[in-house]
Amino acid sequence: MVNSLEKFVNNSKIEYNLVKEYGRPAAGKITKSNELRTIDTLLKTTNYLIREVYTRQNFDYVSRYEFIFDRLRSVRQDMVIARYNSEKSNKIHEIILCFYLLADYKLCTSNKYDEFINFQHVKEVLNMILSSSFCTKKSWFYSVYLLMNLKNFKSANQILKVWKDSSLEYPLDECISLCKAYLNRNYVRIFKIYKNLPLLCQLAFHRRIPEIETEMIKIMNVAYSFKNSKYSVENFLKITLFNGRHSLEKYEEKNLLAIDKDDNILFAKHHSQNDINNIRERFDFIDYKLADITEVDFILESYDV
C-alpha cells in the first residue's frame, strides 16, 4: 500500500517515490545480499527522507514522524544484516539519532506519540555510534549518553575512565558539571547549566526534566513544610525551568503542591509523594534556538550548535 507521503503532484500528474518499509523477517528466512541496499543507497535514502519528506508541511508532524521512523528503521535493518561499518554507516546513525531526539521534543505533548518506543531506538542507535571507530565527535555522543543515564553512576564513571588521559572536551565538560550538580541535588545549578548546553544535549536531557522537577518539589515539600510558610510563584519560576504559572498548575492537579490566591506556593509534607514523569512541555529557550536554525540542517549537518 502506497503511503500518502510517497505521492507527489508534478504538473497535475501524480508521481510516486517509494521507500522500502520496515518488515520483520520471517522465521528461518535468509536475506539474500542482492535484496539489501548498498551503503551509498542507504545514505541517499536517509538524506531524502529528511530533506524531502520531513519538510512536507502540508502533512501533520505526527504523520511525517511515523513514516520517516518506519523507513529509517528499514534502513537500520539493512545495515545490521549487511554488517556495514564505515564512515557512511556512522553518519547515517548520527542523522537518525538527531531525528529521534528532535522529534521527541516536538511531540512531547502529543497523545499520538509513543515516547517509550522512540527512547528504545535512541538507545540502540546511540550505542552503535559510541561503538563505532568512525565517530569523530565522541565527546558529543558521550554527552548524550551521560544525560540520558543521569541516575546511573556507573555511566559517569565509565565516561571519566574513557577520558582520564586527556582533558574533557566541550560539551562533555559541561555535562559532567551537570551530573555533579545532580549528585549534590543542586537543582538550581542543573537548570542553569541545562539552559546553556548546545541544542543536541538539551534535546537529549529534555525527557528527564519532569523527573528532576518532581524530585525538587518533593524536597521542598519537606524543607518548607511549616506553619505560614510561603514561596512566591515569581521567585520559584526564576530558579526553575517552568514556563509560567500554568506549568505549575499541572503539578497542582497531581496534588504535588498547592498555590494560593496570592500566587504563593504552599509546600507541605502531606502532598503526594508519587513519581510524576509524564508532564512534559516545550521550553521557550529551546524553541528560540530552533527558530534560529533550519531543522533539516540540524539533523543532517549541524547538530554541534
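Here is a short report on the structure shown in this document. (Residues numbered from 1 in each chain as written. Predicted model: local features only at pLDDT ≥ 70, side-chain atom pairs only at ≥ 80, totals over all residues. Heavy atoms only, no water.)

Digging into the sheet that holds strand β5 (residues 264-266)
Put simply, the test is: When DSSP finds two or more bridges between two strands, those strands count as paired. Runs of E in the DSSP output that reach at least two residues are strands. Runs of H or I that reach at least four are helices, and both are numbered from the N terminus.
Read across the open sheet, the three strands follow the order β3-β5-β4; overall the sheet is antiparallel. A single partner strand is all that each edge strand has here, and the edge strands are β3 (231-232) and β4 (258-259). For β4 and β5, the ladder comprises two bridges, and the chain directions are antiparallel. Across the sheet, residue Ala-258 finds its bridge partner in β5, namely Leu-266.

Here's the deal with the pattern of salt bridges
The following threshold applies: Salt bridges, as used here, are contacts in which a Lys or Arg side-chain nitrogen is within 4 Å of a carboxyl oxygen on Asp or Glu. Burial classes: relative accessible area under 20% of the type maximum marks a residue as buried, over 50% as exposed, and values in between as partly exposed (1.4 Å probe, protein chains only).
Going through the model one piece at a time under the given rule, you end up with 17 salt bridges. Of the charged contacts, one joins Glu-295 and Lys-106 as a salt bridge, the two residues approaching to 2.9 Å between their closest N and O atoms. Here Lys-106 lies in helix α3 (residues 87-106) and Glu-295 lies in helix α14 (residues 295-300), a separation of 189 residues in the sequence. Residue classification places Glu-295 among the buried positions, given a relative accessible area of 18%. Note that Lys-230 and Asp-260 form a salt bridge whose closest N and O atoms lie 4.0 Å from each other. Taken together, the residues span a long stretch of sequence, with Lys-230 in the loop between α10 (209-223) and β3 and Asp-260 in the loop between β4 and β5 at a distance of 30 residues. Note on Asp-260: relative accessible area 15%, which makes it buried. A single network of salt bridges, built from pairs that share partners, joins Asp-104, Glu-115, Arg-207 and Arg-280.

Points about helix α2 (residues 61-82)
Using the following cut-off: Take the residue count of a helix, subtract one, and multiply by 1.5 Å to get its expected span. Polar contacts here mean pairs of N or O atoms no more than 3.5 Å apart (in protein, one a potential hydrogen donor and the other a potential acceptor; neighbouring residues in sequence count only if both atoms are side-chain atoms).
A rise of 1.5 Å per residue sets the reference length of α2, with its 22 residues, at 32 Å; its end C-alpha atoms lie 31 Å apart and thus fit the reference within 8%. Near the N-terminus of α2, the side chain that reaches the backbone nitrogen of Val-62, with its oxygen 3.2 Å away, is that of Asp-60. Looking one or two residues past α2, Arg-83 carries a phi angle of roughly 60 degrees, positive in sign.

Observations concerning empty space enclosed by the protein
Applied cut-off: Only protein atoms enter the 1 Å grid, on which a cavity is a set of points fitting a 1.4 Å probe that cannot get out and a pocket is an open set with protein on both sides within 12 Å along at least 5 of 7 lines, lining residues being those with an atom within 4 Å of a point. Grid points are joined across faces, edges and corners, and a volume is the space filled by probe spheres set on the points. Polarity classes work like this: nonpolar for Ala, Val, Leu, Ile, Met, Phe, Trp, Tyr, Cys and Pro, charged for Asp, Glu, Lys and Arg, and polar for all others, with Gly in that last group.
Tallying each qualifying case throughout the model produces one cavity of 30 Å³ or more. There is about 70 Å³ of room inside the largest cavity. Together, His-206, Ile-209, Pro-210, Glu-213, Phe-242, Ser-247, Lys-250, Tyr-251, Ile-279, Arg-280, Glu-281 and Phe-283 line the largest cavity. Among the secondary structure elements, those contributing two or more residues to the lining of the largest cavity are α10 and α12 (245-253). Looking at the lining of the largest cavity, its residues break down into six nonpolar, two polar and four charged.

Considerations on the nonpolar core
To keep things clear, this is the line we draw: The criterion is simple. A nonpolar core is a set of buried Ala, Val, Leu, Ile, Met, Phe, Trp, Tyr and Cys residues joined through side-chain atoms within 4.5 Å.
Counting residues in each nonpolar core, the largest one holds 97 residues, and the members touching the most others are Phe-141 and Phe-236. With eleven residues, the single largest contributor to this core is α3.

A few points about the packing of helix α5 (residues 138-148) against helix α7 (residues 172-183)
Helix packing for two helices is described by the angle between their axes and how far apart those axes are. The criterion, for reference: To get an axis, a line is fitted to the C-alpha atoms, and for a helix only the part in contact is used. The angle between two axes follows their N-to-C directions and goes from 0 to 180 degrees. We call two directions roughly parallel when the angle between them is under 35 degrees, roughly antiparallel when it is over 145, roughly perpendicular when it lies between 65 and 115, and oblique otherwise. Definitions for this section: a left-handed crossing has its near helix turned counterclockwise from the far helix by less than a right angle. A right-handed crossing has that turn clockwise. Whether two residues are in contact is decided by their heavy atoms: any pair within 4.5 Å suffices.
It is the contact of α5 with α7, at a shortest axis distance of 9 Å, that shows an interaxial angle of 15 degrees. Judged by the angle between their axes, α5 and α7 are roughly parallel. Crossing geometry of α5 relative to α7 is assigned as left-handed. Residues Ser-139, Tyr-142, Ser-143, Leu-146 and Leu-147 of α5 lie in contact with α7, whose contacting residues are Leu-172, Cys-175, Ile-176, Leu-178 and Cys-179.

Side note on α10
Owing to its 3.6 residues per turn, the α-helix aligns residues three or four sequence positions apart on the same side. With 15 residues, α10 extends 21 Å from end C-alpha to end C-alpha; this agrees with the ideal 21 Å at 1.5 Å per step. Turning to α10, its buried residues number three or more, namely Ile-209, Pro-210, Glu-211, Ile-212, Glu-213, Thr-214, Glu-215, Met-216, Ile-217, Lys-218, Met-220 and Asn-221. Residues of α10 that are buried make contact with α7, α8 (187-195), α9 (199-206), β3, α11 (233-239) and α12.

Concerning the side chain of Glu-281
Stated precisely, the cut-off is as follows: By the counting scheme adopted, Arg and Lys are positive, Glu and Asp are negative, and His together with the chain ends is not counted.
As for its position among the elements, Glu-281 is in the loop between β5 and α13 (284-291). Although Glu-281 is buried, it makes no salt bridge; Lys-250 carries the closest opposite charge, 4.1 Å away. In this structure the side chain of Glu-281 is engaged in a polar contact, spanning 2.7 Å, whose partner is the side chain of Ser-247.

Things to note about the side chain of Thr-240
By the secondary structure assignment, Thr-240 is in the loop between α11 and α12. In contact with Thr-240, other than residues within four places in its own chain, are Phe-191, Lys-195 and Met-216.

Section: the packing of aromatic side chains
Using the following cut-off: Pairs were defined over the aromatic rings of Phe, Tyr and Trp, the Trp ring being its six-membered one, requiring ring centres within 6.5 Å. Orientation was assigned from the angle between planes: stacked under 30 degrees, edge-to-face over 60, tilted for the rest.
Under the defined criterion, the tally for this structure stands at 18 aromatic pairs. Arranged with centres 5.4 Å apart and planes meeting at 85 degrees, the rings of Tyr-224 and Tyr-231 form a pair that is edge-to-face. What makes Tyr-231 buried here is its relative accessible area of 18%. When the ring of Phe-283 is compared with that of Phe-285, the centres are 5.4 Å apart and the planes differ by 5 degrees; the resulting orientation is stacked. A relative accessible area of 2% means that Phe-283 is categorised as buried. Judged by its relative accessible area of 21%, Phe-285 falls in the partly exposed class.

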